[in-house]
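Inside the fold
One-letter residues, chain by chain:
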Amino acid sequence: MSAPNVDVSQNGNIRTMDSLFTVAEFDESDFSRLLDRPRPLNMERKRSFDERSLNELSIGISPPPPSRTAEYSSRINDHLENMFSPGRRSGYNTPRSHMGFEPHPMVAEAWEALRRSLVHFRGQPVGTIAALDNSDEKLNYDQVFVRDFVPSALAFLMNGEPEIVRNFLLKTLRLQSWEKKIDRFQLGEGVMPASFKVLHDPVRNSETLIADFGESAIGRVAPVDSGFWWIILLRAYTKSTGDTSLADLPECQKGMRLILSLCLSEGFDTFPTLLCADGCCMIDRRMGVYGYPIEIQALFFMALRCALVLLKQDVEGKEVVERIVKRLHALSYHMRSYFWLDLKQLNDIYRYKTEEYSHTAVNKFNVIPDSLPDWVFDFMPIRGGYFIGNVSPARMDFRWFCLGNCVAILSSLATPEQSTAIMDLIESRWEELVGEMPLKVCYPALESHDWRIVTGCDPKNTRWSYHNGGSWPVLLWLLTAACIKTGRPQIARRAIELAETRLLKDNWPEYYDGTLGRFVGKQARKSQTWSIAGYLVAKMMLEDPSHLGMVSLEEDKQLKPMLRRSNSWTF
Ligand code: GLC
């Protein structure tokens with residue numbers, strides 16, 4: 001619910017509001033001054049920004065051997081080619097096709113709807129509202145969600161309108177510095193809000209921001225993904241504009257360090273993956289995603305890699321960078337080894353021995369083969385594979401989750417072979433994963449007893465609805481990006497064509513229901529902004545694949561030699 005945040009207090013209300021303005025004004029002049037820098041200088045900065053790899057940063061890892069220099073320089077060239085793909089401002093409210101094609105009529109409608117969803121704060125656009133649907137109870141759909149804003153931000157960046165993204169990044173950064181309390185419990189300093197809204201006071205003619213860090217959210221869920229999306233978006237902004245001055249601001253550097261220090265702290269963990277409560281991400285209700293959900297692990301990996309290129313190696317940054325490098329090595333090894341499932345790996349698990357002790361154990365997490373669900377044997381194609389939903393002691397969640405797998409491809413958490421295998425799986429399980437409306441958030445749905453136990457009898461998450469096997473048009477942009485990265489744009493084209501048969505006619509629903517995604521979701525909001533923006537981003541990316549660079553990271557070869565697997569490594 002979007003009740004006012006009575007428990008969340010701002011550090012000195014008035015002072016904070018004042019400083020919001022001061023910072024914004026300071027930034028503006030600083031920004032334009034920096035933009036006036038001679039271009040070549042900026043290019044140099046940008047090159048180092050993009051090319052900083054684990055290799056250069058690794059503690060004790062030496063620069064590439066001469067034999068690999070050629071490979072490195074070709075990578076650099078590839079990057080430089082992709083680097084300057086700044087969005088071209090069309091000069092129109094709705095952009096025209098850059099390739100000379102007449103754009104699909106839905107594109108113009110989508111731009112208009114996206115612009116209607118803009119939220120302003122003190123005269124500046126700062127985000128987009130989750131849904132413009134007034135027919136239903138608003139709940140918190142009248143807020144700007146951090147995760148929902150990402151496709152909007154990408155659409156604006158691709159259209160050469162970076163200002164709103166910059167405003168959003170700075171505003172949410174200010175919200176991060178609020179004192180965050182739930183009842184009597186204080187949240188970590190680095191926590192980013194799930195969402196925020198602008199409160200208008202017509203009497204005093206003033207505007208204030210209120211934010212939700214989970215203390216108002218249904219189920220009091222923690223937005224673990226928000227901080228990661230914030231870092232990923234900061235890199236997309238930097239990559240798209242070629243302007244490093246925003247990321248270089250001391251407050252942005254600090255914001256990143258705070259987000260990461262929440263995740264890189266040492267504790268009791270025996271795994272490099274990040275332990276989370278249920279409902280911590282796009283699936284923000286109880287759905288059995290607690291533990292080590294793939295969505296968070298993939299976003300964590302991507303945010304770590306983005307931070308690596310954005311963080312300055314000053315006194316404070318250096319230590320964080322060292323921790324990131326170590327974590328990336330461990331995380332990629334763990335994910336690529338233990339979350340990966342293909343036919344061979346499935347067969348190995350099927351034949352696992354249990355109760356093995358010591359480091360020679362093959363079945364390290366003591367997974368009981370009887371816990372393999374029946375559906376997975378039919379679902380697994382001969383060619384193909386995917387990262388499963390969760391891995392922890394005696395628990396492998398074999399469900400397919402779309403967002404985590406797409407982000408794994410984009411961040412290069414997946415090796416090139418694994419990325420290909422994920423796309424093979426999508427192609428061969430098209431009916432199950434795409435059906436009539438792209439794209440299932442997860443597969444399969446939980447039914448009957450499982451649904452009761454795992455969701456706690458959630459009436460919104462009944463089988464094949466909402467988070468429980470529902471089809472979410474927003475995922476189209478992630479699928480398209482993954483398709484382009486793996487060289488299969490035709491898959492994206494097919495999915496987009498499916499969406500074009502219904503999305504506008506149905507007024508941009510939040511999600512669809514049913515095994516084929518044929519029905520507008522039971523409680524789906526209409527005019528759902530990320531359905532609109534997701535469609536636009538998918539279209540723009542297909543038309544101009546150089547946009548992919550904003551959301552994609554090349555494989556870092558330094559992570560590869562670390563891969564070694566004692567059993568059943570198929571690559
Ligand atoms: C739903 C979704 C969540 C999204 C929110 C606003 O709660 O599960 O991911 O951020 O709606 O659209």
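An account of the accompanying structure is given in this report. Just so it is clear, the structure is predicted and the values come from calculations on it, not from any experiment. (Residues numbered from 1 in each chain as written. Predicted model: local features only at pLDDT ≥ 70, side-chain atom pairs only at ≥ 80, totals over all residues. Heavy atoms only, no water.)

**Comments concerning the packing of aromatic side chains**
Rules: Each Phe, Tyr or Trp ring (for Trp, its six-membered ring) is paired with any other whose centre lies within 6.5 Å, and the angle between the two planes then decides the class: stacked below 30 degrees, edge-to-face above 60, tilted in between. In this description a helix means any DSSP run of H or I spanning at least four residues, a strand means any run of E spanning at least two, and both kinds are numbered starting from the N terminus. In this scheme, a residue with accessible area under 20% of its type's maximum is buried, one over 50% is exposed, and one in between is partly exposed, where area comes from a 1.4 Å probe on protein chains only. Lysine and arginine charges are scored as sitting over a ring when NZ or CZ, respectively, is within 6 Å of the ring centre and within 35 degrees of the ring normal.
If you walk through the whole model with that rule in mind, you get 22 aromatic pairs. Here the aromatic rings of Trp340 and Phe387 are separated by 5.0 Å at their centres, their planes lie at 70 degrees, and the arrangement is edge-to-face. Here Trp340 is found in strand S8 (residues 340-342), whereas its partner Phe387 is found in strand S9 (residues 385-392), with 47 residues between them in sequence. This pair shows no difference in class: Trp340 is buried, exactly as Phe387 is. Among the aromatic side chains, those forming a connected cluster through ring pairs are Trp375, Phe379, Tyr386, Trp400, Tyr443 and Trp464. Its end group placed over the ring of Tyr290, Arg395 keeps NZ or CZ at 4.0 Å from the ring centre. When the ring centre of Tyr466 is taken as origin, the NZ or CZ atom of Lys460, which lies over that ring, is 4.2 Å away.

**Looking at the packing of helix H6 (residues 146-158) against helix H7 (residues 163-176)**
Quick reminder of the rule: Here the axes come from fitting lines to C-alpha atoms, over the contacting stretch only for helices, and the angles between their N-to-C directions go from 0 to 180 degrees. In what follows, roughly perpendicular refers to angles from 65 to 115 degrees, roughly parallel to angles under 35, roughly antiparallel to angles over 145, and oblique to any angle outside these ranges. Any two residues having at least one pair of non-hydrogen atoms within 4.5 Å are treated as being in contact. Residues were grouped as follows: Ala, Val, Leu, Ile, Met, Phe, Trp, Tyr, Cys and Pro as nonpolar; Asp, Glu, Lys and Arg as charged; and all remaining residues, including Gly, as polar.
Taken N-terminus to C-terminus, the directions of H6 and H7 make an angle of 150 degrees; their axes are 9 Å apart at the nearest point. If you check the angle between H6 and H7, you find them roughly antiparallel. Contacts between H6 and H7 involve Val146, Phe149, Ala153, Phe156 and Leu157 from the first element and Ile164, Val165, Phe168 and Thr172 from the second. A per-class count over the contact of H6 with H7 returns 8 nonpolar, 1 polar and no charged.

**Quick word on helix H19 (residues 475-485)**
Of all the 11 residues making up H19, 10 are buried; the element is thus mostly covered by neighbouring parts of the structure. Every buried residue of H19 is listed here: Leu475, Leu476, Trp477, Leu478, Leu479, Thr480, Ala481, Ala482, Cys483 and Ile484. In the core, the buried residues of H19 are packed alongside H6, helix H8 (224-241), helix H15 (402-411), helix H16 (416-428), helix H20 (489-502) and helix H21 (529-543). Looking at the residues trailing H19, positive phi occurs at Gly487, about 75 degrees.

**Thoughts on unusual backbone geometry**
Backbone torsion omega between Pro438 and Leu439 reads 15 degrees, so that peptide bond is classified as cis. In this model, Asp183 sits at a positive phi of 50 degrees, which is unusual for a non-glycine residue. Relative to the assigned elements, Asp183 resides in the loop between strand S4 (181-182) and strand S5 (185-186). Asp183 gets classed as exposed once you look at its relative accessible area, which sits at 61%.

**Focus on H7**
Defined as follows: Multiplying one less than the number of residues by 1.5 Å gives the expected span of a helix.
Taking 1.5 Å per residue as the helical rise, H7 with its 14 residues ought to reach 20 Å, and the 20 Å between its terminal C-alpha atoms agrees with that figure. Among the 14 residues that make up H7, 12 are buried, leaving the element largely enclosed by the rest of the structure. The complete set of buried residues in H7 reads Ile164, Val165, Arg166, Asn167, Phe168, Leu169, Leu170, Lys171, Thr172, Leu173, Leu175 and Gln176.

**As for empty space enclosed by the protein**
What counts is decided by this rule: Lining residues are those with an atom within 4 Å of a point, where the points come from a 1 Å grid over the protein atoms alone and group into cavities, where a 1.4 Å probe fits but cannot get out, or pockets, open sets with protein on both sides within 12 Å along at least five of seven lines. Grid points are joined across faces, edges and corners, and a volume is the space filled by probe spheres set on the points.
Throughout the structure, instances matching the rule amount to 11 cavities of 30 Å³ or more. Roughly 330 Å³ of internal volume is contained in the largest cavity. Lining the largest cavity are 25 residues, and of these Asn140, Phe145, Arg147, Asp284 and Tyr466 sit closest to its centre. Here the residues of the lining of the largest cavity are counted per class, giving 14 nonpolar, 4 polar and 7 charged.

**Here we look at the sheet that holds S9**
Sheets are built from strands that pair by backbone hydrogen bonding, the pairs being arranged parallel or antiparallel. Heads up, the rule is: Only strands joined by at least two bridges in the DSSP assignment are considered to pair.
Within the open sheet, the 4 strands sit side by side as S8-S9-S10-S11. Their pairing is antiparallel. One side of each edge strand has no neighbouring strand; the edge strands of this open sheet are S8 and strand S11 (442-443). By the bridge criterion, 4 bridges tie S9 to strand S10 (residues 395-401) in an arrangement that is antiparallel. Across the sheet, residue Asn390 finds its bridge partner in S10, namely Asp397. Helix-sheet contacts for helix H13 (residues 343-350) involve S8 and S10, and the interaxial angle to S8 is about 95 degrees.

**Comments concerning the pattern of salt bridges**
The following threshold applies: In what follows, salt bridge is the name for a side-chain nitrogen of Lys or Arg lying within 4 Å of a carboxyl oxygen of Asp or Glu.
For the structure on display, the rule yields 17 salt bridges. In this structure, Arg399 and Asp397 form a salt bridge, with 2.7 Å as the shortest nitrogen-oxygen distance. Each member of the pair, Arg399 as well as Asp397, is classed as buried. Between Glu427 and Arg488 there is a salt bridge, with its nearest N and O atoms 2.8 Å apart. Of the two residues, Glu427 is situated in helix H16 and Arg488 in the loop between H19 and H20; the sequence distance between them amounts to 61 residues. Residue class for Glu427 comes out partly exposed when judged on its relative accessible area of 36%.

**Re the sheet that holds strand S7 (residues 206-212)**
A sheet is described by the order of its strands in space; here 3 strands give the open sequence S3-S6-S7, paired in antiparallel fashion. Whereas interior strands pair on both sides, the edge strands pair on one side only; in this sheet they are strand S3 (144-145) and S7. Across 2 bridges, S3 lies against strand S6 (residues 195-201) in antiparallel orientation. Counterpart to Phe145 in the pairing with S6 is Ser195.

**Thoughts on the site of the ligand**
The test is simple: Note on terminology: near, applied to a residue and a molecule or strand, indicates that one of the residue's heavy atoms is within 4 Å of it. Pairs of N or O atoms are called polar contacts if they sit within 3.5 Å, as long as, within protein, a hydrogen donor faces a hydrogen acceptor (for residues adjacent in sequence, only side-chain-to-side-chain pairs). All accessible-area figures derive from a Shrake-Rupley calculation using a 1.4 Å probe, and residue coverage is judged against the displayed protein chains alone. Criterion for pocket placement: a molecule counts as inside a cavity or pocket if more than half of its atoms are within 2 Å of its grid points.
Within the structure, the ligand sits among 13 residues, and Arg147, Asp148, Met282, Asp284 and His467 are positioned closest to it. Here an oxygen atom of the ligand sits 2.9 Å away from a polar atom, N or O, in the side chain of Gln528. Within the complex, 97% of the 300 Å² of free accessible area of the ligand lies under protein. Mapping the ligand onto the cavity grids shows that it belongs to the largest cavity.

**Quick word on the pairing of strand S2 (residues 124-128)**
As defined by bridge partners, strand S1 (residues 118-121) adjoins S2 across 4 bridges and the pair is classed as antiparallel. Across the sheet, residue Phe121 finds its bridge partner in S2, namely Gln124. If you look at the hairpin formed by S1 and S2, you'll find 2 residues sitting between the two strands, and Arg122 has a positive phi there, around 50 degrees.

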